[in-house]
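Each chain, letter by letter, is given below.
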Amino acid sequence: MPQLDFGNPLMIAQIVWLLIIFGVLYFVLSTYALPRVEEVLEDRRRRIEGDLEAAQAAKAEADAAIAAHREATSKARAEAQAAIAAAMQSAQAEATQRSEALAARLAEQITAAEARIAAARDSAMGALRQVSTETTEALLQRLTGQSDQAAVGAAVDRALAARGLG
């Protein structure tokens, strides 16, 4: 290659100047330019790490907030269910109490009605015995012309007892 003809004296001078310029350029770059670039890169790395740490801290804070929200929601749900259960239990107790009071009042009314029915039945049975006796005496008087109150009363009692009414 004609460019690399080392026999030419200009070629050696060009190589020497190449080495000198390369050395000066290397010195200037390594002394001034590269430390600034390294400083910028280090600053950028620190900023990125700081941002990542801030992002991780924010994520941890958000996770903690979400956990607190879930806990508060579950606690509120449990309290609401407990309040509903207490209200249901209270309503059932009140309904039971009203039902028992109504049953007691109805039992009293039934007892009073049964007592009135028994009194009416006893009164009717007394009246039935009297009507039966008077009717039998009147028939006996008409048919035979005589009346025996003791025999008629005993016969009416036997007839009523035979029918289960006495």
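Residues numbered from 1 in each chain as written. Predicted model: local features only at pLDDT ≥ 70, side-chain atom pairs only at ≥ 80, totals over all residues. Heavy atoms only, no water.

**Q** Please provide a residue-by-residue account of the pattern of salt bridges, values included.
**A** The tally for this structure, following the rule as stated, stands at five salt bridges. Note that Arg 45 and Glu 42 form a salt bridge whose closest N and O atoms lie 1.9 Å from each other. Placement of the pair is Arg 45 and Glu 42 together in helix 1 (residues 9-144), with a separation of three residues, close to one helical turn. With a closest N to O distance of 2.6 Å, Arg 45 and Glu 49 form a salt bridge. Within this pair, Arg 45 and its partner Glu 49 are both found in helix 1, separated by four residues, close to a single helical turn. Classification of Arg 45 as partly exposed rests on a relative accessible area of 36%. Within this structure, Glu 42, Arg 45 and Glu 49 form a network of salt bridges that share partners. (Salt bridge = Lys/Arg side-chain N within 4 Å of Asp/Glu carboxyl O. Helix = DSSP H or I, 4+ residues; strand = E, 2+ residues; numbered from the N terminus. Buried < 20%, exposed > 50% of the residue type's maximum accessible area, 1.4 Å probe, protein only.)

**Q** Outline the packing of helix 1 against helix 2 (residues 149-162), supporting the account with residue identities and numerical values.
**A** Geometry of a packed helix pair, given as the angle between the helix axes and the separation of the axes. Where helix 1 meets helix 2, the closest approach of the two axes is 9 Å, and the angle between their N-to-C directions is 130 degrees. In terms of their interaxial angle, helix 1 and helix 2 are classed as oblique. Helix 2 is crossed by helix 1, and the crossing has right-handed handedness. Listed contacts from helix 2 to Leu 128, Arg 129, Ser 132, Thr 133, Thr 136, Glu 137 and Leu 140 of helix 1 are Gln 149, Val 152, Val 156, Asp 157 and Leu 160. Tallied by class, the residues present in the contact of helix 1 with helix 2 amount to five nonpolar, four polar and three charged. (Axes fitted to C-alpha atoms, helices over the stretch in contact; angles between N-to-C directions. Parallel < 35°, antiparallel > 145°, perpendicular 65-115°, else oblique. Left-handed = near helix turned anticlockwise from the far one by under 90°. Contact = heavy atoms within 4.5 Å. Nonpolar A, V, L, I, M, F, W, Y, C, P; charged D, E, K, R; others polar.)

**Q** Provide a residue-level description of the UniProt feature "coiled-coil region" (unreviewed entry) in the protein, including the pertinent values.
**A** Following the UniProt record, one finds the feature "coiled-coil region" (unreviewed entry) at residues 38-72. Between the end C-alpha atoms of residues 38-72 there is a gap of 50 Å, over a span that is 100% helix and 0% strand. (UniProt positions renumbered as here; feature names shortened; annotations may be inferred.)

**Q** Which residues make up the UniProt feature "transmembrane region" (unreviewed entry) in the protein, and what are the values?
**A** Residues annotated in UniProt with the feature "transmembrane region" (unreviewed entry) correspond here to residues 12-35. Helix and strand shares over residues 12-35 are 100% and 0% respectively, and the end C-alpha atoms of the span are 33 Å apart.

**Q** Help me get a handle on the side chain of Glu 137, residues and values and all.
**A** Inspection of the secondary structure assignment puts Glu 137 in helix 1. The exposure class of Glu 137 is buried, given its relative accessible area of 16%. With sequence-adjacent residues up to four places away left out, Glu 137 is seen in contact with Ser 147, Gln 149 and Val 152.

**Q** Requested: an account of the side chain of Thr 133, with residues and values cited.
**A** Its location among the elements puts Thr 133 in helix 1. With near-sequence residues (within four places) excluded, Thr 133 lies in contact with Val 152 and Val 156.

**Q** Can you explain a nonpolar patch on the surface? Please cite residues and give values.
**A** A cluster of nonpolar side chains, namely Ile 12, Val 16, Trp 17, Ile 20, Ile 21, Val 24, Phe 27, Val 28 and Tyr 32, defines an oily patch on the protein surface of about 920 Å² accessible area. Structurally, Ile 21 is set in helix 1. Overall, Ile 21 belongs to the exposed group, its relative accessible area being 53%. (Patch = residues over 30% accessible without salt bridge, like charges linked within 9 Å, V, L, I, M, F, W, Y side chains within 5 Å. Areas by Shrake-Rupley, 256 points an atom, 1.4 Å probe, with all protein chains shown as cover.)

**Q** Talk me through the environment of Asp 157; I want residue IDs and the actual numbers.
**A** Summarising the element assignment, Asp 157 is placed in helix 2. Relative accessible area serves as the criterion here: at 35%, Asp 157 is assigned to the partly exposed category. Separated by 24 residues in sequence, Asp 157 and Thr 133 place their C-alpha atoms 9.0 Å apart.

**Q** Give a detailed account of helix 2, specifying residues and quantitative values.
**A** Compared with an ideal rise of 1.5 Å per residue, which puts 14 residues at 20 Å, helix 2 spans 20 Å between its outermost C-alpha atoms and is within 8% of the ideal. Val 152, Gly 153, Val 156 and Leu 160 are the residues of helix 2 that are buried. With its buried residues spanning 100 degrees around the axis, helix 2 presents them on a single face. Residues of helix 2 that are exposed and point more than 90 degrees away from the buried face comprise Ala 150, Arg 158, Ala 161 and Ala 162. On its buried face, helix 2 sits against helix 1. At the C-terminal side of helix 2, Gly 164 shows a positive phi close to 80 degrees. (Expected span 1.5 Å × (residues − 1). Arc of directions from axis to C-beta.)

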